[in-house]
Amino acid sequence: MTVIKVFPDVESQTQAAIDLFCRFAMEAIADNGRFSAALSGGSTPKRLYGGLSQAEWQHRLDWDRIHLFFGDERHVRADHPESNFKMVNDVLFSQVSIPATNVFRVKTEFDPRLSAFNYEDELRAFFDEAWPRFDLVLLGMGEDGHTASLFPGTAALNEAQRWFVANYVPQLEAWRLTLSINALNAAKNIVVLVSGQSKAEMIREVLGQSGSKNQKPIEMITPVYGEMTWLLDHEAASLL
Ligand code: 6PG
């Protein structure tokens, strides 16, 4: 099932994302003793991570039972300004009492393909299932309809077996590392966070009545078993 929620501003959108993250975490811990989430890069989810490090949530979440992965990563050093790990570490991991063993950094020190194989091994060790059934996958969306590091026209969009792959992005002239479409679609809950007027045209194309001319990567995200929730601010939803 897909739910679309529109918020008057980024602050209320972020609070809704925090509430969802905490609800999914508490439910998973109560049901299964642990919570697993794949985090997204980008500026929109960054506000959520910063919110989770505030005192109120710090003490309400059982960080010992929370396991945080990355839905994608740039192929740069962990201390590089473009690193998703660095971004989340600065605003969240370094601010809360999550055990280091519960944070699964993509080790980008290796060749992109080896980094992806290594991360897939870590995922398979954590999820003893046919696909990684994250309790929550957080995603953003680019103006071109990309999500995670699945960009239009790139090879990773055609990956059918692997969970986590290296994906060369000609538009960026750079290697990226990303969960595959099938791995993302195995999630129990997917939350897509989109804000800003610059995303309005793509939101209209992807969520509007007219549909899009050619399928965008974000439109390939349709959870097999789970639920998908779009959290939009007023600007991103302004053309719906
Ligand atoms: C990344 C993200 C990427 C991001 C979109 C939207 O590594 O950058 O995985 O898919 O979610 O580019 O980013 P913003 O939310 O900053 O617009």
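Described below are features of the structure shown in this document. As the structure is a prediction and not an experimental result, all values here were calculated from the model.

**Regarding the site of the ligand**
Next up, step 1: Near the ligand there are 17 residues, and of these Ser-43, Thr-44, Arg-74, Ala-148 and Lys-199 occur at the shortest range.
Next up, step 2: Side-chain polar atom of Ser-40 to an oxygen atom of the ligand: 3.4 Å apart, as the coordinates give it.
Next up, step 3: Separating an oxygen atom of the ligand from a side-chain N or O atom of Thr-44 is a distance of 2.8 Å.
Next up, step 4: Per-element tally for the shell around the ligand: the top contributor is helix α2 (residues 43-52), with 3 residues.
Next up, step 5: When its residues are assigned to classes, the shell around the ligand shows 3 nonpolar, 10 polar and 4 charged.

**Comments concerning the packing of aromatic side chains**
Next up, step 1: The tally for this structure, following the rule as stated, stands at 14 aromatic pairs.
Next up, step 2: The interplanar angle of 35° and the centroid separation of 5.9 Å between the aromatic rings of Phe-69 and Phe-127 together place this pair among those described as tilted. One end of the pair, Phe-69, is in strand β3 (residues 66-70); the other, Phe-127, is in the loop between α5 (112-126) and β5 (136-139), with 58 residues separating them in the sequence.
Next up, step 3: Seen from their ring centres, Tyr-119 and Phe-164 are 4.6 Å apart, and the 55° between their planes marks the pair as tilted. Here the residue Tyr-119 occupies a position in helix α5, and Phe-164 occupies one in strand β6 (residues 164-169), the gap between them amounting to 45 residues.
Next up, step 4: Put simply, the rings of Phe-69, Phe-104, Phe-126, Phe-127 and Phe-134 pair up and form one aromatic cluster.

**Re unusual backbone geometry**
Next up, step 1: Backbone geometry at Ala-148 places phi at a positive 50°, although glycine is not the residue there.
Next up, step 2: The topology assignment puts Ala-148 in the loop between β5 and β6.
Next up, step 3: The phi angle at Glu-173 is positive, at roughly 50°, despite the residue not being glycine.
Next up, step 4: With respect to the helices and strands, Glu-173 occurs in the loop between β6 and β7 (174-179).

**Brief notes about the packing of α2 against helix α4 (residues 84-93)**
Next up, step 1: Axis separation between α2 and α4 bottoms out at 8 Å; the angle between their running directions is 30°. With respect to α4, the element α2 is oriented roughly parallel. Residues Lys-46, Tyr-49, Gly-50 and Leu-52 of α2 lie in contact with α4, whose contacting residues are Met-87, Val-88, Val-91 and Leu-92.
Next up, step 2: Classifying every residue of the contact of α2 with α4 by side-chain character gives 6 nonpolar, 1 polar and 1 charged.

Conventions we followed
- Residues numbered from 1 in each chain as written.
- Predicted model: local features only at pLDDT ≥ 70, side-chain atom pairs only at ≥ 80, totals over all residues.
- Heavy atoms only, no water.
- Near = heavy atom within 4 Å.
- Polar contact = N/O pair within 3.5 Å; in protein donor to acceptor, adjacent residues only side chain to side chain.
- Helix = DSSP H or I, 4+ residues; strand = E, 2+ residues; numbered from the N terminus.
- Nonpolar A, V, L, I, M, F, W, Y, C, P; charged D, E, K, R; others polar.
- Phe/Tyr/Trp six-rings, centres within 6.5 Å; stacked < 30°, edge-to-face > 60°.
- Axes fitted to C-alpha atoms, helices over the stretch in contact; angles between N-to-C directions.
- Parallel < 35°, antiparallel > 145°, perpendicular 65-115°, else oblique.
- Contact = heavy atoms within 4.5 Å.

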